[in-house]
Amino acid sequence: MRLFFALRPDPALGERLAALAEQARRHCGGRATPRASLHLTLAFLGEVPETRLDALIRLTEAFPCPAGSWSADRYGSFPRGGIVWLGSSRSCPPLEALHRDLWQALRPLGFAPPRRPFLPHVTLLRHAAPEKRDPCVLARLPRPRLDWHYTGIELVQSVAEGGRHRYRGLASSGRH
């Protein structure tokens, strides 16, 4: 099972994110992330045996996720997969603490955090044209301003279907 922990947007925020994804698609080409798939990854676990699922569900349901807020105000890109993302121009200590605390809770279950730094972002596009992902080109998009208020995390399974991934929530902590 391919699993990750995420913040999932409420319906109103999901609509705003979907609108930003469509705006970016018109500007950069590529494929917009479907509304139901928009999320902010807190911890990517990768392939996990199904025998470990019960422990992860218990951890999720018991996880003490403090309410918080993250502000997104800039676009960025990753070359692999032609990704265009929405992120923040400044750090967010409460979100960084949530990320760190989640990995700390996962450690006794045998999971270790990645070596790369945490970069909170929401993937808006895949397969955007390389020349359209350039920071100078992305800077021409209207500057986004979005506040994401969260009260819980979700354990999510990524299921491959027809070359794309569909996300299925398995457990949650708090409200989203």
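These numbers come from a predicted model, not from an experiment.

1. So, the UniProt feature "active site" (unreviewed entry) in the chain
- When the UniProt feature table is mapped to this numbering, "active site" (unreviewed entry) covers His39 and His121. For the annotated residues, spread through 83 residues, the largest C-alpha to C-alpha distance comes to 8.4 Å, consistent with a single compact locus. None of the other annotated residues line the largest pocket; only His39 and His121 do.
- As for its placement among the helices and strands, His39 is situated in the loop between β2 (31-32) and β3 (40-47).
- The buried category is assigned to His39, whose relative accessible area is 14%.
- Not counting residues within four places of it along the chain, the set of residues in contact with His39 comprises Phe4, Ala6, Leu7, Arg8, Pro9, His121, Val122, Trp148 and Tyr167.
- Along the chain, His121 falls in strand β7 (residues 121-126).
- Contacts of His121, omitting those with residues within four sequence positions, involve His39, Leu40, Thr41, Trp70, Phe78, Trp85, Leu86 and Gly87.

2. Focus on the environment of Pro79
- By the element assignment, Pro79 lies in the loop between β5 (74-78) and β6 (83-87).
- You can call Pro79 exposed: its relative accessible area is 67%.
- Counting along the chain gives 38 residues from Pro79 to Thr41, while the straight-line C-alpha distance between them is 18 Å.

What counts, and at which threshold
- Residues numbered from 1 in each chain as written.
- Predicted model: local features only at pLDDT ≥ 70, side-chain atom pairs only at ≥ 80, totals over all residues.
- Heavy atoms only, no water.
- UniProt positions renumbered as here; feature names shortened; annotations may be inferred.
- 1 Å grid on protein atoms, 1.4 Å probe; cavity = no way out; pocket = protein on both sides within 12 Å on 5 of 7 lines; lining within 4 Å.
- Helix = DSSP H or I, 4+ residues; strand = E, 2+ residues; numbered from the N terminus.
- Buried < 20%, exposed > 50% of the residue type's maximum accessible area, 1.4 Å probe, protein only.
- Contact = heavy atoms within 4.5 Å.

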